[in-house]
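Listed below, chain by chain, are the residues.
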Amino acid sequence: MKLSGRDANAFFSNPDTRRAGILIYGADAMRVAIKRQDLIATLIGPNGDEEMRLARLSGPELRRDGAALLDAVKAVGFFPGQRAVLVEDAADGQLDAISSALGEWHEGDAMIVVTAGMLKASSKLRKLFESHKNALCAAIYDDPPSRAEIESELKRAGLNEIDRNAMTDLEALGRALDPGDFRQTLEKIALYKIGDPSPLTSEEIAQLAPATIEAAVDDLLQSVAEGRVREIGPLIQKLDGQGEAPVFLVISATRHFRALHSAACDPKGPSSGIARQRPPIFGPRRDRMIRQAQEWGRDKLETALAQLVDTDLELRSGGQTAPQMALVERLFIRLSMLKSARR
């Protein structure tokens, strides 16, 4: 039987042990591994591996010894509880062994969990599970985690109180990060909130999310975008002392102002435009950038972007002799003053 995405997630969180087996396949090995890990953890419990209620076989190993799978399915363990047999990296070459094990399976035997890479519709292994009366087939696509999946992960980690804006930020983070990195971030958030009954907030997510830009550079960009001219010189000197390249500062500023321009041009408003940014923008920084996009407006942002491009080209020019960091400081001061200039 072929499972839809929602039905597959329901089975992973509450598996029916009367099923003989399930095939989990997809192009992203990490996403397949995470789903397989969740299923087996729920199926055999936290001590199942220690109690030898999980047998592992690889595709090549099963090809050499076709009877190994059936033997593992029928084996009687020393400890009570549900058993499982995991077959990793399977392909059509293991079809006979897997088909035989499914045919000989009876209630009380170990569940067969098979993982594979991306399988075509013509795959014999895929057709076997899709057409079997007591086996399941789940395709794992490269879609970001849904809101329900994120909530399930948070509840599993013991987090039940989540601010609405924080959940929106987590959805954006799930779209930006790889599955493994996103799960690690959720685990870090759960550890951070141990013993704290207050709802998870956007500010906390911003602190715990993987950093996408150096804090000092971000401070400089915020000062430029908010028209705080007096702060620019000292921040430039600090970054120069840390060895930051002038070209990197201009590239970072260009990225920042492009995000503001995209937000200012969004038909649904700056808030919607900022929400579309990748990587996602969180918490107080998101609110500041929404306000900046509103205050600058499209025309001024286009002027700022033109000046940034001109300075970038000047810095990369072979005939340029002026101190590069001085050029960047002059540019940022001009941009800061442009914000308060009349339209």
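Quick caveat, the model's predicted, so the values are computed rather than measured.

## Describing the packing of aromatic side chains
In this description, a pair of aromatic rings is defined by centroid distance and the angle of the planes.
Next up, step 1: All told, the structure shown has one aromatic pair when counted by the stated rule.
Next up, step 2: When the ring of phenylalanine 257 is compared with that of tryptophan 296, the centres are 5.2 Å apart and the planes differ by 85°; the resulting orientation is edge-to-face. With a gap of 39 residues between them, phenylalanine 257 in helix H13 (residues 246-265) and tryptophan 296 in helix H15 (residues 283-316) connect regions that are remote in the sequence.

## Quick look at the nonpolar core
Taken as a class, soluble globular proteins show a tendency for nonpolar side chains to be buried jointly.
Next up, step 1: Of all hydrophobic cores here, the largest spans 35 residues; its most connected members are Leu220, Ile236, Leu249, Phe257, Leu308, Phe332 and Leu335.
Next up, step 2: Going through the elements one at a time, helix H11 (215-225), helix H12 (229-241), H13, H15 and helix H16 (324-340) are the ones with two or more residues in this core.
Next up, step 3: At nine residues, the largest contribution of residues to this core is made by H15.
Next up, step 4: Listed in part, the 28 residues of the second largest apolar core include Leu62, Val87, Ala90 and Ala116.

## Section: the packing of helix H2 (residues 29-44) against helix H9 (residues 179-192)
Next up, step 1: As a packed pair, H2 and H9 sit with axes 8 Å apart at the nearest point and diverge in direction by 45°. The angle between the axes of H2 and H9 places the two elements in the oblique class. Listed contacts from H9 to Met30, Arg31, Ile34, Gln37 and Asp38 of H2 are Pro179, Gly180 and Arg183.

## Some points on the sheet that holds strand S3 (residues 54-58)
Next up, step 1: If you trace the six strands from one edge of the open sheet to the other, you get S1-S6-S2-S5-S4-S3, paired in parallel fashion. Either end of the sheet is taken by a strand with one partner, and the two such strands are strand S1 (2-3) and S3.

## Structural notes on the pattern of salt bridges
Next up, step 1: Taken as a whole, this structure holds 23 salt bridges when the rule is applied.
Next up, step 2: Note that arginine 18 and aspartate 16 form a salt bridge whose closest N and O atoms lie 3.0 Å from each other.
Next up, step 3: We note a salt bridge from aspartate 218 to arginine 285, for which the minimum N-O separation is 3.0 Å. Here arginine 285 lies in helix H15 and aspartate 218 lies in helix H11, a separation of 67 residues in the sequence.

## Points about the pairing of strand S5 (residues 111-116)
Next up, step 1: Across the six residues of S5, six count as buried, placing the element largely inside the fold.
Next up, step 2: What you see with S5 is no split at all: Met111, Val113 and Thr115 on one side and Ile112, Val114 and Ala116 on the other are buried throughout.
Next up, step 3: Inspection of the sheet shows strand S2 (residues 21-25) paired to S5 by five bridges, in the parallel sense. Residue pairing for S5: tyrosine 25 is matched across the bridge by alanine 116.
Next up, step 4: After leaving strand S4 (residues 84-88), the chain enters helix H5 (residues 95-104) and then returns to the sheet as S5, a path that is right-handed.

Quick notes on the rules
- Residues numbered from 1 in each chain as written.
- Predicted model: local features only at pLDDT ≥ 70, side-chain atom pairs only at ≥ 80, totals over all residues.
- Heavy atoms only, no water.
- Phe/Tyr/Trp six-rings, centres within 6.5 Å; stacked < 30°, edge-to-face > 60°.
- Helix = DSSP H or I, 4+ residues; strand = E, 2+ residues; numbered from the N terminus.
- Core = buried A, V, L, I, M, F, W, Y, C linked by side-chain atoms within 4.5 Å.
- Buried < 20%, exposed > 50% of the residue type's maximum accessible area, 1.4 Å probe, protein only.
- Axes fitted to C-alpha atoms, helices over the stretch in contact; angles between N-to-C directions.
- Parallel < 35°, antiparallel > 145°, perpendicular 65-115°, else oblique.
- Contact = heavy atoms within 4.5 Å.
- Pairing = 2+ DSSP bridges.
- Salt bridge = Lys/Arg side-chain N within 4 Å of Asp/Glu carboxyl O.
- Right-handed = clockwise from strand over helix to strand, strands pointing away.

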